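Spelled out, the chains give:
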Amino acid sequence: MATLSSAASPFCRPEEDPFLLLESTLRSVEEILLRRRGLPLRRTWIEQPYGEEEITLLEEEVIPAIRQCLARVDELDERLLAQQELMQRCELELQRQPLSVQKLQMV
């Protein structure tokens, strides 16, 4: 998923990136569901824990929705990275052009 964004960045700290938080949350929920297989899940504000039905909904609906969201974010990241690389190449080319013109004028 967004592994590139988890590296050190001049743009923001990892804890400021909501999609890294979403990835972390997904991993945590998957791990909790795996470790607590067959056991009810307690919630902090609800007396009744999540039972088999609620856990099944998490596994079949919520987790896939989070994965789909992260996949879409990855698509957006790829598009923006491609645009960024193109802009950098264009800037480099613009910097090279004056040097080429100067060389031609010297000849």
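No experiment lies behind these values; they were computed from the predicted model shown. (Residues numbered from 1 in each chain as written. Predicted model: local features only at pLDDT ≥ 70, side-chain atom pairs only at ≥ 80, totals over all residues. Heavy atoms only, no water.)

## Description of the pattern of salt bridges
Applied cut-off: Salt bridges, as used here, are contacts in which a Lys or Arg side-chain nitrogen is within 4 Å of a carboxyl oxygen on Asp or Glu. Residue exposure (1.4 Å probe, protein chains only): buried if accessible area is under 20% of the type maximum, exposed if over 50%, otherwise partly exposed. Note on conventions: DSSP H or I runs of at least 4 residues are helices, E runs of at least 2 residues are strands, and numbering of each starts at the N terminus.
One pass over the full model with this rule turns up 7 salt bridges. As a salt-bridge pair, Glu15 and Arg13 come within 2.6 Å of each other at their nearest N and O atoms. The class for Arg13 is partly exposed, based on a relative accessible area of 48%. Glu59 is the salt-bridge partner of Arg37, the closest N and O atoms lying 2.8 Å from each other. Of this pair, Arg37 sits in the loop between α1 (18-35) and α2 (52-106) while Glu59 sits in helix α2, and the two are 22 residues apart along the sequence. The class for Arg37 is exposed, based on a relative accessible area of 53%. What emerges from the salt-bridge pattern is a single network uniting Arg13, Glu15 and Glu16.

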